[in-house]
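The lines below spell out each chain.
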Amino acid sequence: MNSLPFLTSKPFTLGVELELQLVNLQSFNLTMEADDFLRRLKEKINEASVKPEITQSMIELNSQVHTSYASLLTELRELRNLVTEEAQQTHIGICGGGMHPFQKWKQQRIFPNERFMNVSEQYGYLAKQFTVFGQHIHIGCANGDDAMYLCHALARYIPHFIALAASSPFNQGVDTSFNCSRLAVISAFPLSGTPPWCLTWRDFEKYYDRMLQLEIVGSMKDFYWDIRPKPEFGTVELRICDTPLTVEKAAQLAAFLQLLCYKLLNNRQPVTRDIYLPYLTNRFRAARYGFDAMLIDPERHTKARLGEDLLETCIGLQAYAQDLHCTDALESIKEAIMKEENDTGWLREKFSTLHTLSDVVREQTQYWGQNIKMAS
Amino acid sequence: MITIASHLENLAFMPHFPLHLNSLFLFGTILLLGLIGGEVIKYGRYFPSIIGFIAIGYLAGPGGLDIANKTVLANTRIFVDISLSLILFELGRNLSFAWLRNDRGLLATSITESLLTLLSVFSVLYFVFDLAWTSSLIAAIIAIATSPAIVMMVANDLRAEGPVTRRALILTSLNNLIALTLFILVLPLTEKIPPTAFTFILYSGYRLLGSILLGLLVFLATVQIGKLIGKEKESQFVLIVGSVVLTIGCAYMLKLPSMMSLFILGMAVRNFDYKHILMELDFGWLARLFFILLFVVTGVQLNLKGLWEASLAVGLFLLVRLVAKTVGICLFAKSNRMTQKQTIALSLALFPMAGVALGMSNILSDFNPEFSQRTLEIVSAVIAILNIIGPIFTQIAFVVTGEALATVKQGGIE
């Protein structure tokens, strides 16, 4: 009996979830208006495209399922435009970034629905601290076994996505010295980390049943792993990325994952449990040092600088980019790697010239809507 | 032999009785009493601390124990002026042109609710109660302004945040701007001897344009100094407080309405600081200190005489004001895409009337001490009632919409 059926989806289709910040345009602190803002948005946007998140200063944008990077980018731009215009009308700001640089977590309010109230009840203050903003990328899989394979095979590339997407250098009013400080918040949850060592969907189902029986989880949503299978969508879901500052970057990251999955499944190499030996260390180093992180390769027993490994990975993906029509995205990613630019660098540069974090958030909101006429 | 008298001479360093109450003594006493009043009142369910501050003031004032009378109050005038100025500066900062551009419904709502308030209050006083048209007009103009101090302080006390709170603040800002402008324009009409057209235009024009210009000039100077000091929070705090006090001083010297200048200064800081030289500052503790002072002094000045002598006029004044504001907001609720609950809450939030209205009444009585006493009594009684029930209405508005973070429970706000 299939206790957790894996819905088949077209392989390598892609979709994106973006958690966004709602900002007060006077103080540039987070504003607690998700409830009202979502009500307004749903009058104009398909209800499935926007959702609440754990606290009242967050919303989540959801794309449809796409077969190509180009159509994903088009939809994300349309959603960005609609959300930004709606935000302008009610005079709040929208921006990307993995963390708001100076919000006080204790001032956050839990979104008033049953699910989030339960999370708050279960996790106490951690629920409010979970006011962090990530990008989740879904890649379609033909079956659960492929999804489980990708969950483990992609573990090696988790640091790559951390460095590429990093956009959370500031937290609680200070420069954390991290490229991505958001991960430290997620690590506090007991069900964060990596999926269990199950290589087939059948094994995973057994694991899941056991977790259900032990009442450790109530559904797949309770797992906050860096990467997890999503059986109801028929996808593998990467959850490690900070929300980038622009939708263009978000679409590029999705295309990069799509390419990696395509390459990994088309050149399927066996995965070993050793991949997890340096996992937490590599993950930490990527979050701390970004492109400068020294990664440990457990199979080759070597160390490599993340920036160089990323470039090598890009070169290895070039041959597949044409098949998936995402050469532009790969080129943009490659260019960013060569210049060693990520959103964390952009935010730090803004802070060094503007001197206040509220001015940095102002710039973030303008950068988010850069192609839309913004009234600040 | 040393006499008792020479002993006493040697005690000249001792204080002389009766003791002379100085400004600082009064300032401190008002603050401490206000604080106690605010704490005591919070034990009553649904009573905002403002009511406690006002009650303490009223008890100490001529209406109560008569400890604090007008002479005593004159000594605290400077502190009250600074309080009111900081509030008006803050009110100006709430007026975002960008929001008005992006949501045209806001301006339409404000103009409509202000106009309806003006017309309805004027009609009641002029047609029903036969007051002179100038008196009726002045009272109606005063009625337009929602109390910024009450809306801000209740929002602050409840840690209210959300669409209704923000809209209440910008609509308060707009209706105060409209009321202040009209008040400055028509004030010369209240003179004992009616002014000539030339004097009227010159006087109104000087006061209106002069106060706007003063606010803008101080803003330009503030920005220049801001460039010099950089983005240091502490220095910027001193810069803003200094600019506010400077504006008050200049307005006095130039016989300009300081309330308008301060409002313009705040508005310019919000909208014309294109290079973001000035930091967004939270006056926090300082604001609370001045808020308490202002409300206690408001309590001292409360005059309930009109309530007994013209209770019908006062009652109708209150009723038509509430209805006018509610209708004004309801008319644009759909185009502003507000829910029914938000619409009602916003109407309730705009009901209070206090500090600025009292300021205008004071200007009026300073300007022409013989101005219709009956009108002043009615306005004072309305202000008194709205000082008491206004904060409760505003509190209800923020609580029912779920925008108050602090919950109102037995035993005060938590």
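None of the values given here were measured: they were computed from a predicted structure.

**Things to note about helix 11 (residues 233-253) of chain B**
All names here are of chain B.
Now for step 1: For helix 11, which comprises 21 residues, the first-to-last C-alpha distance of 30 Å matches the rise-based estimate of 30 Å (1.5 Å per residue) to within 8%.
Now for step 2: Taken together, the buried positions of helix 11 are occupied by Gln236, Leu239, Ile240, Ser243, Val244, Thr247, Ile248 and Ala251. Down the axis of helix 11, the buried side of the element spans an arc of 165°, and every buried residue falls inside it. Turned more than 90 degrees from where helix 11 packs its buried face, Glu234, Val238, Gly249, Tyr252 and Met253 sit exposed.
Now for step 3: Phi turns positive one or two residues past the end of helix 11, at Lys255, with a value near 55°.

**Observations concerning the confidence of the model for chain B**
Residues and elements named next belong to chain B.
Now for step 1: Of the residues in chain B, 89% have a pLDDT of 70 or more, and the chain-wide mean is 85.
Now for step 2: Here residues 408-414 is a poorly scored stretch, pLDDT under 50, and it has 15 contacts once near neighbours within four places are set aside; other chains count.
Now for step 3: Predicted as a complex, the structure gets a pTM of 0.89 and an ipTM equal to 0.88.

**Side note on the environment of Thr401 of chain B**
Residues and elements named next belong to chain B.
Now for step 1: The topology assignment puts Thr401 in the loop between helix 18 (373-400) and strand 1 (408-409).
Now for step 2: Sequence separation between Thr401 and Gly226 is 175 residues; the distance between their C-alpha atoms is 39 Å.
Now for step 3: Not counting residues up to four positions away in its chain, the partners in contact with Thr401 are Gly162, Val164, Lys341, Gln342 and Ala345.

**A word on the environment of Ala12 of chain B**
Now for step 1: Here Ala12 of chain B shows up in the loop between helix 1 (4-10) and helix 2 (23-41).
Now for step 2: C-alpha separation for the pair Ala12 of chain B and Pro48 of chain B, spaced 36 residues apart in sequence, amounts to 48 Å.

**A look at the nonpolar core**
Now for step 1: Residues Val121, Ile141, Phe263 and Val296 of chain B are the most contacted members of the largest nonpolar core, which totals 123 residues.
Now for step 2: With residues up to four places along the chain from it excluded, the contact list for Val121 of chain B reads Ala139, Ala140, Ala143, Phe317, Val320 and Arg321 of chain B.

**Structural notes on the interface of chain B and chain A**
Now for step 1: On the chain A side, the residues contacting the 15 residues of chain B number 18 residues.
Now for step 2: No other element matches the 4 residues that helix 5 (residues 97-102) of chain B contributes to the side of chain B that touches chain A.
Now for step 3: Grouping the amino acids of the side of chain B that touches chain A by side-chain chemistry returns 5 nonpolar, 4 polar and 6 charged.

Conventions adopted
Residues numbered from 1 in each chain as written. Chains lettered and ligands numbered in written order. Predicted model: local features only at pLDDT ≥ 70, side-chain atom pairs only at ≥ 80, totals over all residues. Helix = DSSP H or I, 4+ residues; strand = E, 2+ residues; numbered from the N terminus. Expected span 1.5 Å × (residues − 1). Buried ≥ 20, exposed ≤ 12 C-beta atoms within 10 Å, placed from the backbone. Arc of directions from axis to C-beta. pLDDT = per-residue confidence, 0-100. Contact = placed C-beta atoms within 7 Å. Core = buried A, V, L, I, M, F, W, Y, C linked by C-beta atoms within 7 Å. Nonpolar A, V, L, I, M, F, W, Y, C, P; charged D, E, K, R; others polar.

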